[in-house]
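# Architecture and fold: a report
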Amino acid sequence: MRPTLIAGNWKMNGSLQSVIQLVEDIKGGDAGSAKLAVCPPAIFLMKVGGMLEGSQIALGSQNVCDQASGAFTGEVSGAMLKEAGCQYAIVGHSERRALYLESDALVAARFAMAQQSRLIPILCVGETLQEREDGITQQVVARQLGAVIESQGIEAISNSVIAYEPVWAIGTGKVATPEQAQAVHAYIRNLVAEQDAAVANKVQILYGGSMNPTNAGELLSQPDIDGGLIGGAALKAADFLAIGQAA
Ligand code: 13P
């Protein structure tokens, strides 16, 4: 049985004051037995890391640079994230891929640097609406995951988390049905199993895309859905905690 992980991706939202309030409310609440992680904007990582010291809630970043240090204006290194107290680093979020043109190769390099920095990468994969309608969901997910497996090896997957986030479900309120999500999760696990059954059995695969307290229970009860990567609903402590309880 894989443990459940509920991770909040706060994206570029909030202020110092609202972030402090959100962390206090999450810390003071009850999320059942699910493990929680929060991924605040980079500027607030040090602050939130300090607030989470000694708690069971993990800290994650929303990205990580593919280089160790040097002239990479605007980037944050894995070592810096580690120093801020991060345990996880999201890589390859669809907003990074679509809006900032991050390629499969760059995402794989960021994944590698996360692991070199002893961070657990949360690798996001997922198809657009057009790709789903064209019937190429599996090809897209296989290509995105394949780029990491080919460059890092299948063993690297055992020390990572995969997040299936259909782009059409992100921030749209249009959630994948439990059956749709489970089908892609099972496909992803199978892809890994073709190379290493033990890694496939171990790796946590999260679902992301309009998950909320109402739909979380059914999604999280699917055999290959091991948690959630939550956007909008993670900005409200009560909703975030309720998703944890639903797990
Ligand atoms: P929403 O939960 O707002 O749809 O966002 C999902 C997401 O992109 C998490 O990374």
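The rules behind these values
Going along each chain's sequence as written, the residues are numbered from 1 onward. Predicted model: local features are reported for residues with pLDDT of at least 70 only, side-chain atom pairs are reported and counted for 80 or more only, and whole-chain, interface and lining totals are derived from all residues. Just so you know, side-chain values use all the structure's heavy atoms and leave hydrogens and water out. Helix and strand assignments follow DSSP, with helices taken as H or I runs no shorter than four residues and strands as E runs no shorter than two, numbered in order from the N terminus. Buried means the residue's accessible area, taken with a 1.4 Å probe over protein chains only, is under 20% of the maximum for its type, while exposed means over 50%, and partly exposed covers the values in between. Think of a polar contact as two N or O atoms within 3.5 Å of one another; within protein, one of them needs to be a possible hydrogen donor and the other a possible acceptor, and neighboring residues in sequence only count if both atoms come from side chains. A contact between two residues is defined here by any heavy atoms of the two lying within 4.5 Å. Where helices are involved, their axes are fitted lines through C-alpha atoms of the stretch in contact, as for all axes, and angles between N-to-C directions lie from 0 to 180°. Should an angle lie under 35 degrees it is considered roughly parallel, over 145 roughly antiparallel, and from 65 to 115 roughly perpendicular; all remaining angles are considered oblique. Rotating anticlockwise by less than a right angle from the far helix to the near helix defines a left-handed crossing, while the corresponding clockwise rotation defines a right-handed one. Only Asp, Glu, Lys and Arg are considered charged, only Ala, Val, Leu, Ile, Met, Phe, Trp, Tyr, Cys and Pro nonpolar, and every remaining residue, Gly among them, polar. When DSSP locates at least two bridges between a pair of strands, those strands are taken to pair. Put simply, a salt bridge is a Lys or Arg side-chain nitrogen that is within 4 Å of an Asp or Glu carboxyl oxygen.

### Some details on the side chain of Q182
- Looking at the secondary structure, you find Q182 in helix α8 (residues 178-193).
- On the accessibility criterion, Q182 (14% relative accessible area) is buried.
- One polar contact links Q182 to D224, side chain to side chain, over a distance of 2.8 Å.
- Not counting the four nearest positions on each side in its chain, Q182 is found in contact with Q222, P223, D224 and I225.

### Some thoughts on the packing of helix α7 (residues 137-152) against α8
- The geometry of α7 relative to α8 is characterised by a closest axis approach of 11 Å and an angle of 45° between their N-to-C directions. If you check the angle between α7 and α8, you find them oblique. Along this stretch, α7 crosses α8, giving a crossing that reads as right-handed. Contact residues: T137, Q138, V141, A142 and L145 in α7; V184, Y187, I188, L191 and V192 in α8.
- Classifying every residue of the contact of α7 with α8 gives eight nonpolar, two polar and no charged.

### What about the pairing of strand β7 (residues 204-208)?
- Summarising burial for β7: five of the five residues are buried, a large majority.
- Side chains Q204, L206 and G208 project from β7 onto one buried face, and the interleaved I205 and Y207 project onto a second face that is buried too.
- Pairing of strand β6 (residues 161-164) with β7 involves four bridges; the strand directions are parallel. By the bridge assignment for β7, V161 is matched with Q204.

### Some details on unusual backbone geometry
- Even without being a glycine, K11 presents a positive backbone phi close to 50°.
- Assignment of secondary structure puts K11 in the loop between β1 (5-9) and α1 (16-27).

### As for the pattern of salt bridges
- Inspection of the entire model under this criterion finds eleven salt bridges.
- The salt bridge involving D224 is made with R2; its shortest N-O contact spans 3.9 Å. You can see D224 sitting in the loop between α10 (216-220) and β8 (227-230) and its partner R2 sitting in the segment before β1, a full 222 residues away along the chain. The two residues D224 and R2 agree in class, both being buried.
- Across the pair D226 and R189 runs a salt bridge whose closest N-O atoms are separated by 2.7 Å. Residue D226 is located in the loop between α10 and β8, and its partner R189 is located in helix α8; the two are separated by 37 residues in the primary sequence. Accessibility assignment for this pair places D226 and R189 in one class, buried.

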